[in-house]
Amino acid sequence: MDNLVYLDHNATTPVDERVIKVMLPYFGKKYGNPSSIYKLANESDKAKEEAREKVAKLLHANSNEIVFTGSGTESDNYAVKGAAFANRKKGNRIITSSIEHHAVLNSCKWLEKQGFKVTYLGVDKHGLVNLDELRDAITDKTILISIMHANNEVGTIEPVKEIAEISRQNGILFHTDAVQTVGKLPIGVDDLSVDLLSLSGHKFYGPKGVGALYIRKGTRIDSLLHGGHHESNRRAGTENIPGIVGLGKAAEIAAKEFSEEGIKVRKLRDRLENGLIKKIDDVFINGHPDKRLPGTLNICIKYIEGEGMLLHLDHNGIAASSGSACTSASLQASHVLISMGLSHEVAHGSLRFSLGRNNTEQDIDKVIEVLPPIVEKLREMSPIKKR
Amino acid sequence: MVYLDNNATTPIEPAVSEKMCWFLREHFGNPSSLYPIGREVKKLITEARETVADALGAMRSEIFFTGSGTESDNFAIYGIMNAFPEKNEFITSSIEHPAVIETASYLEKRGKKITFIPVDQYGNIDLEFLKKAISPKTALISIMYSNNELGTIEPIKEVVKIAKEKEVLVHTDAVQAFGKIPCNVNKLGVDLLSLSAHKIYGPKGIGSLYIRKGTKILPLICGGHQERNLRAGTENTAGIIALGEAVQIFQAKGDKDLKRIHKLADRLKKGIEERIPRVIFNGPEKNRVKSTLSFSFTGMEADAILLALASKEIYVSTGSACSEDSEEVSHVLSSIGLKPEVARSTLRLSLGRFNNDEDVSKVLSELPEIIEKLRKISGL
């Protein structure tokens, strides 16, 4: 795998060696259960609280506002369902967008079965939610707004600050799924003014199986997992100590390096974007031209199937994706691209390249060299090729 | 260090730890991705699933990975109760783990009817009470396979027999049983079974729920297509691989190692009973996970004993680790009829794979002295 050009960082990232190093002791001698009261356990507890501080620091939050979970998906479920049930007496309406991650969308669908009413806001051709549409959707029964910080497939960055402002004016809780932005964009929970924010370790060079939810002090929310007193009674279950320690380290590294890394990644992404546009006809970019994650390039290559291109890229040692990893096992067209107004046919011709910390100019140049002939070959065989 | 708190958590088996470290470095792929580095991880996960399934006598497709034993319990109970909205009754026992008790309490808040089956002085549930408690509205019975504080093994087969006559589903929390006593889901007849990796020398942050084929259940965590649409979220891949490895190891070690641990536990029990006056053993002699020992040292505060032992680098617990922070008396000990002051004098010693004869000898030489000293101070 040494020669692999990995361009699917929005699906998952390699664990940073510095992160692995701090996790190792917790796979070995430091196995204490943090709920026990002897020294071995105190070590685990201390490591957990240090990790919490590091995550809090990355978000400019207080550490007692950070709850560790098992994944970004769990954080989303916890935020959406927990806020819904805790505030049910006040109302039963929730507003979200049609391009959310399935973790939010399917939580909302689940809540609909429990008697909640959900409004799914549409987006424009760049994937931006419309603030007027949001204002119109609010009623006195609205208890929660959940809009992602940036979209995983096209990278569009949503106006969460404005949305938070609207939420606040109306006394509604605001959750943002920041799984794709934590570790990539500057995030201050007070600056953004969010009440709830989800993040995931494995999207920014931490391990899989650990996430966190920021819960603003005083926010009314029910737990998703019930049981022991872990996480200040908010999330039961013996803590994934090595995972939490790894997440903490990943947060510490990100806090120091994300801004420089963003500049580097953006430059590489732009190189890829310009290179492909120059060498391949009939392509367009999905997502916002400027308000976009620095490493994300979602490109639609007309007349052919994304899956076919991926297979050929794969043979050339390049890993990319045709949608989010969570839906790539299914063959449905991306709900995000459809929401942005693409036809099914065109949506199927989309590729997502998502760049990361370890990518180089050579990686990019390899794609620019390899992809155009693949496209040409596939288009020759395509039943829907251009005329 | 003498670690006698294996029911709280276990040290990770070195081979498991090594496998995890290897995996973290070599396999970062997302199993949902279609290219080779994703597919390889998917294959490894399938192998781990097969291993867990084998250990339970289940099919691979009946094994679902979760983030903890607690999540497995929550998933089982909410998943069934939400899938049968027309049935609003849930039956459990009074000595369950908080993961079940607190879940029951939350269901009660949302309008469900909960019945707690009482237990006798050894922690055995009252089967007659259970029979009478079942109604046409009962959706699920959840009884733990073995209790974390006492080691009592519950009559799950009988529970299933009673339940099946009334067509009620049965879940068992086997977190403390798996790896210690036979857990064949078909012999037990249960529909759902929870287990956790860090109780069997695997890592924290990974558990599993067995769901019998054809059981109607809703997910607890919604989102992507992972785990056959029933548990969303990118998999804790390294954790899953480690769980598979941990299961393989305990299967390879087999009964021989368990017998060795039981012998140690028997020696420790006998030694304590012989050397320390006014000590009460809690839990049954038979039908117990032998490595669990619960003693009440009447007239004393268990916390004081625990700290004194800890200063000698002997680690035990006063109750379940999950309630350690709280000042309340263990609900298990009050359920078996212990008075609060007796419950507060109770220590749990739980043995495991890495204990040896010297560990037992050290406890037997230190503990009587500690008890005597403390009793002198308090003038007992």
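Predicted model only: the values in this text are computed from it and were never measured.

Description of the overall build of chain A
Each helix and strand in chain A was counted, giving 14 helices and 12 strands. Over its C-alpha trace chain A gives a radius of gyration of 21 Å, about what one expects of a compact globule, namely 21 Å for 387 residues. The dimensions of chain A, computed from C-alpha atoms along their principal axes, are 70 × 55 × 30 Å. A burial count over chain A gives 65% of its 387 residues as buried. Across chain A, the fraction of contacts at a sequence separation of at least 24, relative to all contacts at a separation of at least 6, is 74%.

Focus: the interface of chain B and chain A
Contacts between the two partners involve 66 residues from chain B, matched on the other side by 65 residues from chain A. Approximately 5,500 Å² of surface area, both sides summed, lies buried where chain B meets chain A, with 61% of it carried by carbon and sulfur atoms. There are 1 salt bridge connecting chain B and chain A. Two residues, Arg25 of chain B and Glu17 of chain A, come together in a salt bridge whose shortest N-O distance is 2.5 Å. Counting every contact that joins chain B to chain A gives 14 residue pairs in polar contact (both at pLDDT 80 or more). The set of elements that each furnish at least two residues to the side of chain B that touches chain A consists of helix H1 (14-26), helix H2 (36-56), helix H3 (69-83), helix H4 (98-109) and helix H9 (302-311) of chain B.

Remarks on the domain arrangement of chain B
In many analyses, interface size is given as the accessible surface area lost on bringing the parts together. Residues and elements named next belong to chain B. Taken domain by domain, chain B comprises domain 1 (2-8 + 255-377) and domain 2 (14-249). Here the C-alpha centroids of domain 1 and domain 2 sit 28 Å apart. Listed by partner, the interface residues are 26 residues for domain 1 and 28 residues for domain 2. Carbon and sulfur atoms make up 57% of the area that domain 1 and domain 2 hide from each other, which totals about 2,300 Å².

A word on the sheet that holds strand E10 (residues 296-301) of chain A
All names here are of chain A. Pairing in this open sheet of 3 strands is antiparallel, and the strands run E9-E10-E12 from one edge to the other. Each having just a single partner strand, strand E9 (283-286) and strand E12 (350-354) make up the two edges of the open sheet. Strand-to-strand twist of the sheet, defined as the mean angle between neighbouring strand axes without regard to direction, takes the value 30°. Note that E9 and E10 share 4 bridges and pair antiparallel. Each residue of the ladder has a partner; that of Val283, found in E10, is Ile301. Sheet strands touched by helix H9 (residues 241-279): E9, E10 and E12. Its angle to E10, the strand with the most contacts, is close to 10°.

Here's the deal with the sheet that holds strand E2 (residues 63-66) of chain B
Residues and elements named next belong to chain B. Read from one edge of the open sheet, 7 strands run E2-E8-E7-E6-E5-E3-E4, paired in mixed fashion. Each edge of the sheet is formed by a strand with only one pairing partner; in this case those strands are E2 and strand E4 (113-117). With direction set aside, neighbouring strand axes in the sheet form an average angle of 20°. Of the strand pairs in this sheet, strand E5 (residues 138-142) and strand E6 (residues 169-173) are connected by 3 bridges, and their pairing is parallel. Opposite Ser142, over in E6, you have His171 as the bridge partner.

Remarks on the side chain of Lys112 of chain B
All names here are of chain B. Considering the arrangement of structural elements, one finds Lys112 in the loop between H4 and E4. Glu86 provides the closest opposite charge to the buried, unpaired Lys112, separated from it by 8.3 Å. Beyond its immediate stretch of four places on either side in the chain, Lys112 contacts Met81, Lys87, Asn88 and Leu107.

What about the environment of Lys216 of chain B?
All names here are of chain B. Secondary-structure assignment places Lys216 in the loop between strand E8 (207-211) and helix H8 (237-275). Separated by 132 residues in sequence, Lys216 and Phe84 place their C-alpha atoms 8.2 Å apart. Those residues in contact with Lys216 that sit more than four places away from it in its chain are Ile80, Ala83 and Phe84. At a separation of 3.3 Å, a polar atom in the side chain of Lys216 contacts the main-chain carbonyl oxygen of Ala83.

Digging into the side chain of Asn282 of chain B
Residue and element names in this part refer to chain B. Summarising the element assignment, Asn282 is placed in strand E9 (residues 279-282). In this structure Asn282 comes out as buried when scored by relative accessible area, which is 3%. In this structure the side chain of Asn282 is engaged in a polar contact, spanning 3.0 Å, whose partner is the side chain of Ser296. Apart from residues no more than four positions distant in its own chain, Asn282 is found in contact with Leu150, Ser294, Phe295, Ser296, Ile336, Leu338 and Thr346.

Looking at the pattern of salt bridges
For the coordinates displayed, the defined rule picks out 39 salt bridges over all chains. Its salt-bridge partner being Lys48 of chain A, residue Glu49 of chain A comes within 3.3 Å of it at the nearest N-O pair. Taking the relative accessible area as the measure of exposure, Lys48 of chain A reaches 5% and is therefore buried. Between Glu227 of chain B and Arg49 of chain B there is a salt bridge whose closest N-O contact spans 2.8 Å. Of this pair, Glu227 of chain B sits in the loop between E8 and H8 while Arg49 of chain B is found in helix H2, placing the two residues 178 residues apart along the sequence. The exposure class of Glu227 of chain B is buried, given its relative accessible area of 7%. A single salt-bridge network, built from bridges that share partners, covers Asp45, Lys48, Glu49, Arg52, Glu231 and Glu239 of chain A.

Here we look at the nonpolar core
For soluble globular proteins, the rule of thumb is that nonpolar side chains tend to be buried together. Within the largest apolar cluster, 125 residues are counted, with the highest numbers of intra-cluster contacts made by Leu59, Leu197 and Phe204 of chain A together with Leu56 of chain B. Per element, the largest residue contribution to this core is 9 residues, and it comes from H8 of chain B. For Leu56 of chain B, the contacting residues outside a window of four places in its chain are Ile63, Phe178, Cys183, Asn184, Val185, Leu193, Leu195 and Tyr210 of chain B.

The rules we used
Residues numbered from 1 in each chain as written. Chains lettered and ligands numbered in written order. Predicted model: local features only at pLDDT ≥ 70, side-chain atom pairs only at ≥ 80, totals over all residues. Heavy atoms only, no water. Helix = DSSP H or I, 4+ residues; strand = E, 2+ residues; numbered from the N terminus. Rg over C-alpha atoms; globule rule 2.2 N^0.38 Å. Buried < 20%, exposed > 50% of the residue type's maximum accessible area, 1.4 Å probe, protein only. Contact = heavy atoms within 4.5 Å. Buried area = accessible area lost by both parts, 1.4 Å probe. Salt bridge = Lys/Arg side-chain N within 4 Å of Asp/Glu carboxyl O. Polar contact = N/O pair within 3.5 Å; in protein donor to acceptor, adjacent residues only side chain to side chain. Domains from an automatic or database assignment. Pairing = 2+ DSSP bridges. Axes fitted to C-alpha atoms, helices over the stretch in contact; angles between N-to-C directions. Lys, Arg positive; Asp, Glu negative; His and termini not counted. Core = buried A, V, L, I, M, F, W, Y, C linked by side-chain atoms within 4.5 Å.

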